[in-house]
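# Chain and residue survey
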There are 2 protein chains.
Amino acid sequence: MMDAAGHVAPDKVARAVDEIAAFLGERISRSAAVCEQHGKDLTWNPGDPPDAVAFVQSTEEVSRIVRICAAHGVPVIPYGTGTSLEGHFSAPHGGISVDLSQMNRVLEVHEQDLDCRVEAGVTRKQLNEYLRDTGLFFPIDPGADASLGGMAATRASGTNAVRYGTMRENVLNLTAVMVDGEIVHTARRARKSSAGYDLTRLLVGSEGTLGIITEVSLRLYGIPESISGGVCPFPDIESACNAVIMTIQMGIPVARIELLDEVQVRACNAYSDLGLKETPTLFLEFHGTEAGTHEQSETFGEIAQEFGGGPFDWTTKPEDRTKLWQARHDAFWAGKSLMPAKEVFSTDVCVPISRLAECVVETKRDLAESGLFGPIVGHVGDGNFHVLLFCDPSDAEEKGRAKAFSERLAMRAIAMDGTCTGEHGVGVGKKPFLEAEHGPGLQVMRAIKAALDPGNIMNPGKIVAV
Amino acid sequence: MMDAAGHVAPDKVARAVDEIAAFLGERISRSAAVCEQHGKDLTWNPGDPPDAVAFVQSTEEVSRIVRICAAHGVPVIPYGTGTSLEGHFSAPHGGISVDLSQMNRVLEVHEQDLDCRVEAGVTRKQLNEYLRDTGLFFPIDPGADASLGGMAATRASGTNAVRYGTMRENVLNLTAVMVDGEIVHTARRARKSSAGYDLTRLLVGSEGTLGIITEVSLRLYGIPESISGGVCPFPDIESACNAVIMTIQMGIPVARIELLDEVQVRACNAYSDLGLKETPTLFLEFHGTEAGTHEQSETFGEIAQEFGGGPFDWTTKPEDRTKLWQARHDAFWAGKSLMPAKEVFSTDVCVPISRLAECVVETKRDLAESGLFGPIVGHVGDGNFHVLLFCDPSDAEEKGRAKAFSERLAMRAIAMDGTCTGEHGVGVGKKPFLEAEHGPGLQVMRAIKAALDPGNIMNPGKIVAV
């Protein structure tokens, strides 16, 4: 079926493409440029182009494509906005990329039920724009304007998961095409159910390896009456982390609590003209009633002081908050502006919050010893942080050092009862760590993959692939 | 392997029991009384006794038992506290009941991380008793003092799921024994992860059909600084439901919002001496700071008034709140005291909240037309409600009417995009509705079951069984 390099046989691809072109017409492309763009992500992960890209417009089209590909043993790889950081849409065995970006309709909004149903290609910003007049919003915010299907497939989260949860908690139901072309709705619209296996949660985070997500039903939230936010400097990482732990433990419903280390603060000062003290700093946001957000902000200020931090400079003015969070979202570009010629490699560990300070401190020591440049930003309310590693792509030695560092980081997090990936997913990049992280659980995952995709055509080479 | 009635062959059972007795000694019993008690739940579901009951004390013992049973093709059925309402631990094919009640140790409490790890036989009250001095608590409260392993296995929830979620959201990690005896830890202790398939959520709600849960790691919460609560009468079901919808939509973080219809209020008045007006009534609770719970209570009072309800009579006095919630938990017994000679049958539908009033009103009409007695209580913040049907067990005609009613109710909820079971699970009782609820998803569930339990020995006859 595959040649020596593991690539699907060209004649099988050709036949599948012909059969698909019969109903997609111009919407399937074999252009080298289109294929290249659909195989390589934003990071230094090596990417393999698919043999063709199908631009689909309905679940039924996806179903027909999957049936055809299954019949010919040709891989199918879903593609959203291409903002993956772990090579999720690379096609190491070739095959057909299913580009869902034209499936971008908001199908239903149920204001009374605080939920909606969208096609997989709708992006989070598009959804929030659509919801603007309803008083509702969808909170999950991974930074990039990712597609909601892609966010579901990678179990994405971001800055306000500490308050609103991740895609795991906020996807109510999925429409997915399984390998036999069957269209499955994983749940109904009730807020909770005990009716059988949780297919929704099984597909959330499955990265296209069990089925292709074509529609997503999501929880929505009322836009808070009042939002307050601000920044709080700390003398060191430990005191910042301890203030976070106390905040969570006291049950203060913080909406965002982000750590920037002194390197990242310096980068943001330079890039976004923030004028902050260059020391470990928390960015915070509180959502609630006016009285509630004021109370929460004041209480946090007292906690910060108790741990030697502060002053906590907070405001409810939208323009000041917007500048702050824009700077936080630009952390990647701020780092990059300090190292314009370098490529970036993002790490994504998550540990129990009690181990966070220890994990960050050890990681910073390792970074210094490795001679690497890497600002740190963290969704610290969840124990999740990223080191943005900058490397010269043409310098094999430096790349090797960065790779070894990121491997040590993943194993350090796992040793602290954490995970190698808090929100980016496994893709190709984190496959080597799953054995250490899951032990015999990995065999259970492989049994599920084999049962639901016996021909191994659903995004092969990812997550549980050997 | 099985006889004509589908019962496993006695010689296989005998050999398995002998091999298990070799290391469990007196802790495996074939006494008829013990077997009877381990096969029949509290409801009118017919129960089948297992052939033997093994009282286990460790995950390793469970692993050895499962290996032995797998080798002989003998069913294994997990048993916690026996508070199931859907025949989960009935043994229609015979086999060995694995009683986990002696696995009742709290293994770890991580106060900084707000989590703990317990053996599956620990009950929720036992855990909260253990946590008393830490300032933390575990909120999920299905009424009965169920085991935490059983609650995970059935995806239980209860009165405060509207604020804290269900077992789906609150189980962080499970230890489970799979059919090959392998001991799997489904996740690590990080609050979030994107590292592969969500085995935790796959096992939560799988009712022992994929593996036996032996340990549960749970989220904990700080005991709120202030709790306020009270009751609010409404002129009719619709206005009560509309007040609930508005409360949720405004983002008021209500901790409990329970509907009792006028029949249930009458029963509670009689049983618990509440002196309430006999009209549809909401029981509410708010958790937060003192200022927060006062603000929330006042705001809810205004909402109630807007929909013709009220006055909302609330208090922060613990003794008054305790009486109220004890009465709510005693709703079952209150109903039973009105109909002492009858058996009870609990229904458990859950619908989108926008359909709740319609579903309850139609159900009450059906109840009247069917000539059945059934008070209604509902976790209405989630759209979940129960009709407690009372029947004379010796009156086949009345039982038939009740069964037909409960079937119509399940199908009514499914037609409203809801579920036949919000929190009790499928077990034996709700199996007939899964095809209507899940369509082709049921085949996906069956493929997973076949992959993880090819010999069909893990609690056979439940959920996806034909």
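How each quantity is defined
Residues numbered from 1 in each chain as written. Chains lettered and ligands numbered in written order. Predicted model: local features only at pLDDT ≥ 70, side-chain atom pairs only at ≥ 80, totals over all residues. Heavy atoms only, no water. UniProt positions renumbered as here; feature names shortened; annotations may be inferred. Buried < 20%, exposed > 50% of the residue type's maximum accessible area, 1.4 Å probe, protein only. Helix = DSSP H or I, 4+ residues; strand = E, 2+ residues; numbered from the N terminus. Pairing = 2+ DSSP bridges. Contact = heavy atoms within 4.5 Å. Buried area = accessible area lost by both parts, 1.4 Å probe. Salt bridge = Lys/Arg side-chain N within 4 Å of Asp/Glu carboxyl O. Polar contact = N/O pair within 3.5 Å; in protein donor to acceptor, adjacent residues only side chain to side chain. Nonpolar A, V, L, I, M, F, W, Y, C, P; charged D, E, K, R; others polar. Least-squares fit on C-alpha atoms with pLDDT ≥ 70 in both. Domains from an automatic or database assignment. Phe/Tyr/Trp six-rings, centres within 6.5 Å; stacked < 30°, edge-to-face > 60°. Expected span 1.5 Å × (residues − 1). Arc of directions from axis to C-beta.

The name an unreviewed UniProt entry gives chain A is D-lactate dehydrogenase (cytochrome), with Kaustia mangrovi as the organism. As its UniProt record puts it under Cofactor (unreviewed entry), chain A is described as follows: "FAD". The UniProt entry for chain A carries this comment under Sequence similarities (unreviewed entry): "Belongs to the FAD-binding oxidoreductase/transferase type 4 family."

So, on to the pairing of strand S2 (residues 52-55) of chain B. Residues and elements named next belong to chain B. Residues of S2 alternate between two faces, with Ala52 and Ala54 on one and Val53 and Phe55 on the opposite face, all of them buried. In this structure, strand S1 (residues 28-29) lies alongside S2, joined through two bridges in antiparallel fashion. Across the sheet, the residue bridging to Ser29 is Val53, located in S2. Pairing of S2 with strand S4 (residues 96-99) involves four bridges; the strand directions are parallel. Bridging across to S4, Val53 finds its partner in Ser97.

A common measure of how large an interface is: the accessible area buried when the components associate. Between chain B and chain A, the contact holds 79 residues from the first and 79 residues from the second. At the boundary of chain B with chain A, total buried surface from both sides reaches about 6500 Å², with 56% on carbon and sulfur atoms. Together, Arg188(B), Lys192(B) and Tyr197(B) form the three largest contributors to the area buried by chain B at its contact with chain A, with a combined 16%. On inspection of chain B and its partner chain A, the count reaches eight salt bridges. Here Asp382(B) makes a salt bridge to Lys192(A), at a shortest N to O gap of 3.6 Å. Where chain B touches chain A, the interface holds 40 residue pairs in polar contact (both at pLDDT 80 or more). Mapped by element, the contributors of at least two residues to the side of chain B that touches chain A are helix H7 (167-170), strand S9 (183-185), helix H8 (199-203), helix H9 (237-249), helix H11 (290-306), helix H16 (434-438) and helix H17 (441-452) of chain B. Among the residues forming the side of chain B that touches chain A, the class breakdown is 32 nonpolar, 28 polar and 19 charged.

So, on to the sheet that holds strand S3 (residues 76-79) of chain A. Taken together, four strands build an open sheet; the order of strands is S1-S2-S4-S3 (chain A) and the sheet is mixed. Of all strands in the sheet, those with a lone pairing partner are strand S1 (28-29) and S3 of chain A, marking the two edges.

Right, let's talk about unusual backbone geometry for a bit. Following Gly310(A), the chain continues to Pro311(A) via a peptide bond in cis, the omega torsion being 0°. Mapped onto the fold, Pro311(A) is located in the loop between helix H11 (290-306) and strand S15 (313-315). For Asn459(A), which is not glycine, the phi dihedral falls at a positive 40°. Residue placement: Asn459(A) occurs in the segment after helix H17 (441-452). A positive phi is found at Glu207(B), a non-glycine position, where the angle reads about 55°. If you trace the backbone, Glu207(B) turns up in the loop between H8 and strand S10 (212-219).

With an axial shift of 0.0 Å and an RMSD of 0.0 Å, the rotation relating chain B to chain A amounts to 180°. The symmetry that links the two subunits is that of a two-fold axis. Interface overlap between copies is the fraction of interface residues in one copy that are interface residues in the other; for chain B against chain A it reaches 100%, indicating a shared surface.

What follows covers the UniProt feature "domain: FAD-binding PCMH-type" (unreviewed entry) in chain A. Per the UniProt annotation, the sites labelled "domain: FAD-binding PCMH-type" (unreviewed entry) are residues 46-223 of chain A. For residues 46-223 of chain A, the helix share is 24%, the strand share is 25%, and the end-to-end C-alpha distance is 41 Å.

Moving on, we get to the domain arrangement of chain A. Residues and elements named next belong to chain A. If you check the domain split of chain A, you get domain 1 (10-101), domain 2 (106-221), domain 3 (226-332) and domain 4 (341-425). With centres defined by C-alpha atoms, the gap from domain 2 to domain 3 works out at 29 Å. At the interface, seven residues of domain 2 touch ten residues of domain 3. Taking both sides of the interface into account, the surface hidden between domain 2 and domain 3 amounts to around 760 Å²; carbon and sulfur atoms contribute 53%. Considering only the side of domain 2, the residues that lose the most area to domain 3 are Thr159, Val162 and Arg163, jointly responsible for 67% of the buried surface there. Across the salt bridge formed by Asp141 and Arg256, the nearest N and O atoms sit 3.0 Å from each other. At the junction of domain 2 with domain 3, the criterion picks out six residue pairs in polar contact (both at pLDDT 80 or more).

Inspection of the entire model under this criterion finds 17 aromatic pairs over all chains. Here Phe283(B) and Trp325(B) contribute two aromatic rings whose centre-to-centre distance is 6.1 Å and whose plane-to-plane angle is 80°, an arrangement assigned as edge-to-face. Of this pair, Phe283(B) sits in strand S14 (residues 281-288) while Trp325(B) sits in helix H12 (residues 318-329); the two residues are 42 residues apart in sequence, bridging distant segments of the chain. Exposure class is identical for Phe283(B) and Trp325(B). Each is buried. Taken together, the ring pairs in this structure connect Phe137(A), Tyr164(A) and Tyr221(A) into an aromatic cluster.

Quick look at the pattern of salt bridges now. Here the structure, examined in full by the defined rule, presents 64 salt bridges over all chains. Taking the shortest distance from any N to any O, the salt bridge between Lys40(B) and Asp41(B) comes out at 3.9 Å. Given a relative accessible area of 7%, Asp41(B) falls into the buried group. The residue Arg328(B) makes a salt bridge to Glu258(B) at a minimum N-O spacing of 2.7 Å. In this pair, Arg328(B) sits in helix H12 while Glu258(B) sits in strand S13 (residues 254-260), placing the two residues 70 residues apart along the sequence. The buried category is assigned to Arg328(B), whose relative accessible area is 7%. For Glu258(B), a relative accessible area of 0% corresponds to the buried category. Overlapping salt bridges bring together Asp113(A), Asp115(A), Arg188(A), Arg189(A) and Asp417(B) as one network.

What follows deals with H11(B). Here H11(B) is 17 residues long and its end C-alpha atoms lie 25 Å apart, about the 24 Å a rise of 1.5 Å per residue gives. Of the positions making up H11(B), those classed as buried are Gly292(B), Thr293(B), Gln296(B), Ser297(B), Phe300(B), Ile303(B) and Ala304(B). Seen end-on, H11(B) carries its buried residues on one side only, within an arc spanning 125°. For H11(B), the exposed residues lying more than 90 degrees away from the buried face are Glu290(B), Glu302(B), Gln305(B) and Glu306(B). Residues of H11(B) that are buried make contact with H11 of chain A together with strand S12 (226-233), H9, S13, S14 and strand S15 (313-315) of chain B. One or two positions beyond H11(B), positive phi appears at Gly308(B), with a value near 80°.

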